[in-house]
Amino acid sequence: AGSAVEKAVSFTHDIFPDVWNDSACLEWISSAFVTIGTDAIINKDVFICATAMGLSENLNQYVACYHMGSQPLMYVAKIIDLVWAEERRTISYLKKRIPCKCLNEKYK
């Protein structure tokens, strides 16, 4: 999965440099992945949810590292942890990032 993400980032970085240079745009895309992940976990599609969470966290860390300078490097272990996390951990991650309470019942 890591290699595929690296290739996707490299490919899209070359084609869409304006997007990769705009932290607000990257944060919006990350938020869209959270929405996709939430919808996927509600519909019991764990693979799509895990993929969306990995991509969202990758973008968040990219912004923190390369745009904001708030962390020295990207913490790949956290991204991998989200991709391979159990359902309860994934739901916990999502609940912290969405305004609705739609995952409360699943988290119990």
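This is a predicted model, so every value here is computed, not measured. (Residues numbered from 1 in each chain as written. Predicted model: local features only at pLDDT ≥ 70, side-chain atom pairs only at ≥ 80, totals over all residues. Heavy atoms only, no water.)

**Student:** I'd like a description of the layout of surface pockets, backed by residues and values.
**Tutor:** For the second largest pocket, the calculated volume is near 190 Å³. Around the second largest pocket, the lining comprises 13 residues; the ones closest to its centre are Val9, Thr12, Trp20, Phe33 and Leu59. Every element with two or more residues in the lining of the second largest pocket is listed here: helix 1 (2-15), helix 2 (17-20), helix 3 (23-42) and helix 4 (46-68). Per element, the largest residue contribution to the lining of the second largest pocket is four residues, and it comes from helix 1. Taken together, the residues that form the lining of the second largest pocket break down as eleven nonpolar, two polar and no charged. (1 Å grid on protein atoms, 1.4 Å probe; cavity = no way out; pocket = protein on both sides within 12 Å on 5 of 7 lines; lining within 4 Å. Points joined across faces, edges and corners; volume = space filled by probe spheres on them. Helix = DSSP H or I, 4+ residues; strand = E, 2+ residues; numbered from the N terminus. Nonpolar A, V, L, I, M, F, W, Y, C, P; charged D, E, K, R; others polar.)

**Student:** I'd like a description of the packing of aromatic side chains, backed by residues and values.
**Tutor:** Summed over all chains, the structure comprises two aromatic pairs. Relative to Tyr62, the ring of Trp20 lies with its centre 4.8 Å away and its plane at 75 degrees, an arrangement referred to as edge-to-face. Taken together, the residues Trp20 in helix 2 and Tyr62 in helix 4 connect sequence positions 42 residues apart. Across the pair, exposure class does not vary: Trp20 and Tyr62 are buried alike. Judged by centre distance (4.8 Å) and plane angle (45 degrees), the ring pair of Tyr62 and Tyr66 falls under tilted. Here Tyr62 pairs with Tyr66, and both are found in helix 4, just four residues apart, close to one helical turn. A relative accessible area of 13% means that Tyr62 is categorised as buried. (Phe/Tyr/Trp six-rings, centres within 6.5 Å; stacked < 30°, edge-to-face > 60°. Buried < 20%, exposed > 50% of the residue type's maximum accessible area, 1.4 Å probe, protein only.)

**Student:** Kindly report on helix 4, identifying the contributing residues and their values.
**Tutor:** Along its 23 residues, helix 4 runs 31 Å from first to last C-alpha, staying within 8% of the 33 Å computed at 1.5 Å per residue. Downstream of helix 4 by one or two residues, Gly69 has phi in the positive range, about 70 degrees. (Expected span 1.5 Å × (residues − 1).)

**Student:** How would you sum up the nonpolar core? Please name residues and give values.
**Tutor:** Of all hydrophobic cores here, the largest spans twelve residues; its members are Val34, Ala40, Ile41, Cys49, Ala52, Met53, Leu82, Ile91, Tyr93, Leu94, Ile98 and Leu103. Elements supplying a minimum of two residues to this core: helix 3, helix 4 and helix 6 (87-95). Apart from residues no more than four positions distant in its own chain, Met53 is found in contact with Phe33, Val34, Gly37, Leu82, Thr90, Tyr93 and Leu94. Residues Leu26, Leu59, Met74 and Ile79 belong to the second largest nonpolar core, which totals eight residues. (Core = buried A, V, L, I, M, F, W, Y, C linked by side-chain atoms within 4.5 Å. Contact = heavy atoms within 4.5 Å.)

**Student:** Give me the environment of Leu59: which residues, what numbers.
**Tutor:** Within the element layout of this structure, Leu59 appears in helix 4. On the basis of relative accessible area, Leu59 is assigned to the buried category, the value being 6%. In this structure, the C-alpha to C-alpha distance between Leu59 and Ser30, residues 29 residues apart in sequence, is 5.9 Å.

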